[in-house]
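# Descriptive analysis of the structure
If you want the building blocks of each chain, they are given just below.
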Amino acid sequence: MAEFVVVFVTYGSEEEALKVAHALVEERLAACANLVSPIRSIYRWEGKVWDEKEWLLIFKTQRSKFEKLENRVRSLHSYTTPEIIALPMVEGSPPYLRWIEEMTEG
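Conventions and cut-offs
Residues numbered from 1 in each chain as written. Predicted model: local features only at pLDDT ≥ 70, side-chain atom pairs only at ≥ 80, totals over all residues. Heavy atoms only, no water. Phe/Tyr/Trp six-rings, centres within 6.5 Å; stacked < 30°, edge-to-face > 60°. Lys NZ or Arg CZ within 6 Å of the ring centre and 35° of its normal. Axes fitted to C-alpha atoms, helices over the stretch in contact; angles between N-to-C directions. Helix = DSSP H or I, 4+ residues; strand = E, 2+ residues; numbered from the N terminus. Left-handed = near helix turned anticlockwise from the far one by under 90°. Contact = heavy atoms within 4.5 Å. Nonpolar A, V, L, I, M, F, W, Y, C, P; charged D, E, K, R; others polar. Pairing = 2+ DSSP bridges. Buried < 20%, exposed > 50% of the residue type's maximum accessible area, 1.4 Å probe, protein only. Lys, Arg positive; Asp, Glu negative; His and termini not counted. Salt bridge = Lys/Arg side-chain N within 4 Å of Asp/Glu carboxyl O. Core = buried A, V, L, I, M, F, W, Y, C linked by side-chain atoms within 4.5 Å.

Applying the stated criterion to the full structure yields one aromatic pair. Its end group placed over the ring of W50, K48 keeps NZ or CZ at 4.2 Å from the ring centre.

Bringing the packing of helix α1 (residues 14-26) against helix α2 (residues 66-76) into the picture now. Close contact between α1 and α2 brings their axes to 11 Å; oriented N to C, the two are set at 145°. Viewed along their axes, α1 and α2 form a crossing whose handedness is right-handed. Of the residues in α2, those touching α1 at E16, K19, V20, A23 and L24 are L69, R72, V73 and L76. Along the lines of polarity and charge, the residues of the contact of α1 with α2 split into six nonpolar, no polar and three charged.

Turning next to the sheet that holds strand β3 (residues 48-62). One open sheet holds the four strands; their spatial order is β2-β3-β1-β4, and the pairing between them is antiparallel. Edge positions in the sheet fall to β2 (32-45) and β4 (84-88), since each has one partner strand and no second. On average, adjacent strands in this sheet sit at an angle of 30° to one another, irrespective of strand direction. For β2 and β3, the ladder comprises twelve bridges, and the chain directions are antiparallel. Its bridge partner lying in β3, R40 is registered against K53. Strands in contact with α2 are β1 (4-11), β3 and β4; relative to β4, the strand with the most contacts, it is inclined by about 160°. Each of β1, β2 and β3 is contacted by helix α3 (residues 94-103), which is oriented at about 95° to β3, the strand it contacts most.

What follows concerns the side chain of K60. You can see K60 is positioned in strand β3. E83 provides the closest opposite charge to the buried, unpaired K60, separated from it by 15 Å. Dropping the residues within four chain positions of it, K60 is found in contact with V5, A30, A31, C32, N34, M89, Y96 and I100.

With that out of the way, let us pick up the nonpolar core. Burial of nonpolar side chains together is a common tendency in soluble globular proteins. By size, the foremost hydrophobic cluster in this structure holds 18 residues, and its most contacted members are V20, L24, F59, L69 and V73. For this core, the elements supplying multiple residues, two or more each, are β1, α1, β3 and α2. When residues of this core are assigned to their parent elements, the largest contribution, five residues, is made by α1. Aside from chain neighbours lying at most four places away, what touches V73 is V9, Y11, V20, L24 and I84.

Here is the structure:
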């Protein structure tokens, strides 16, 4: 069976997050995307500490799709340096993992 990852990406607006979620699922780069909104992000950027509202997308995909997913996110993202983090799925329900594999084939 393939290896799978969960990918976190944050966005500055719900509209942008939804646009990217639909694109990546339609293009089979992710089996699904969960939108968690809003979240509060506190981070340092350009010498200043920011405290901002953001929207988090959680993608499920095959590890082998990560590079294409990352490139597509970068092409659609409004941030100069978007958060794109992949975490391995250590375990998962076999039927769910098969579904991810089927939805990201092609």
